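For reference, the chains in residue letters:
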Amino acid sequence: MVNRRSAAVFAGVLLIAALTALVVASDGTPLGAAEGKGSDSGLPVPRFVSLKADRVNVRRGPSTDQAISWVFSRAGLPVEIIAETVNWRRVRDSEGSDGWVFHSLLSGRRTALISPWAKESEAVPLYSRASQSAGVVAELQPNVLGDIESCDGEWCEIVVGDYSGYVQQELLWGAYRGEIIN
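Since this is a predicted model, take the numbers as computed values, not measurements.

## Some remarks on unusual backbone geometry
A cis amide bond links Val-45 with the next residue in sequence, Pro-46, at an omega value of 5°. Relative to the assigned elements, Pro-46 resides in the loop between α1 (4-23) and β1 (47-51). One non-glycine residue, Asn-143, lies in positive phi territory at about 75°. Along the chain, the position of Asn-143 falls in the loop between β10 (136-140) and β11 (145-152).

Structure (structure tokens):
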């Protein structure tokens, strides 16, 4: 016969185990994190951010004990946060690779890559106004990095080096289609 105290302890252990399984997936990702708000930040997930540093380790899991999968080597690159834990963000790059980055290595500054999926010969026009009938300020090559000033859901005003102008939002990786950025 099991005494009441042992049964209560056993039930408590089972309850804690069940709650832990509901809250965290096997890779450390909070369940539901990719469906709305981040577990720690309260910010939307997914969302775009950029890299703060020229060297950012991307790990297999949300811990410095996890192996480094690769290293980003360019500050300002846009990445998409697809999940988060308290101090770690699971990010995806423009090529679709994902891994974990320590939160302090990311910035809320919005940047974009010009059509990284395009062939190198497919230049993207930077217009003087948000219209295809406007004058072309520059021809931007794929994978050129720019700072997003604003987006109206169809066009984004961006700055690339000494040039500023407008690019159709669907040609950028770093802003969602239809997203408004002020």
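## Some points on the environment of Pro-125
Along the chain, the position of Pro-125 falls in strand β9 (residues 124-127). The spatial distance from the C-alpha of Pro-125 to the C-alpha of Val-167 is 6.9 Å, given a sequence separation of 42 residues. Apart from residues no more than four positions distant in its own chain, Pro-125 is found in contact with Val-136, Ala-138, Glu-139, Tyr-166 and Val-167.

## Topic: the state of the cysteines
This model, assessed by the stated rule, comprises 1 disulfide. A sulfur-sulfur distance of 1.9 Å marks the disulfide that ties Cys-151 to Cys-156. Taking the sign of the S-S torsion, about 105° here, the bridge from Cys-151 to Cys-156 comes out right-handed.

## Regarding the pairing of strand β4 (residues 78-84)
Within a regular beta strand, the side chains point alternately toward one face of the sheet and then the other, so they alternate between its two faces. Counting buried positions over the 7 residues of β4 gives 7, a clear majority of the element. Pairing analysis gives 4 bridges linking β1 to β4, with the strands arranged antiparallel. Opposite Val-49, over in β4, you have Val-79 as the bridge partner. Pairing geometry for β4 and strand β5 (residues 88-92), over 4 bridges, is antiparallel. Looking at the pairing, Glu-84 lines up with Arg-89 of β5. Hairpin connection of β4 to β5: 3 residues between the antiparallel strands.

## Brief notes about the packing of aromatic side chains
Geometrically, a pair of aromatic rings is defined through the distance of the ring centres and the angle of the planes. Scanning all chains against the criterion turns up 5 aromatic pairs. Summarising the aromatic geometry, the rings of Trp-70 and Phe-72 are spaced 5.7 Å apart at their centres and angled 80° between planes, so their arrangement reads as edge-to-face. Since its relative accessible area comes to 24%, Trp-70 is described here as partly exposed. Taking the relative accessible area as the measure of exposure, Phe-72 reaches 7% and is therefore buried.

Calculation rules
Residues numbered from 1 in each chain as written. Predicted model: local features only at pLDDT ≥ 70, side-chain atom pairs only at ≥ 80, totals over all residues. Heavy atoms only, no water. Helix = DSSP H or I, 4+ residues; strand = E, 2+ residues; numbered from the N terminus. Contact = heavy atoms within 4.5 Å. Disulfide = S-S within 2.5 Å. Buried < 20%, exposed > 50% of the residue type's maximum accessible area, 1.4 Å probe, protein only. Pairing = 2+ DSSP bridges. Phe/Tyr/Trp six-rings, centres within 6.5 Å; stacked < 30°, edge-to-face > 60°.

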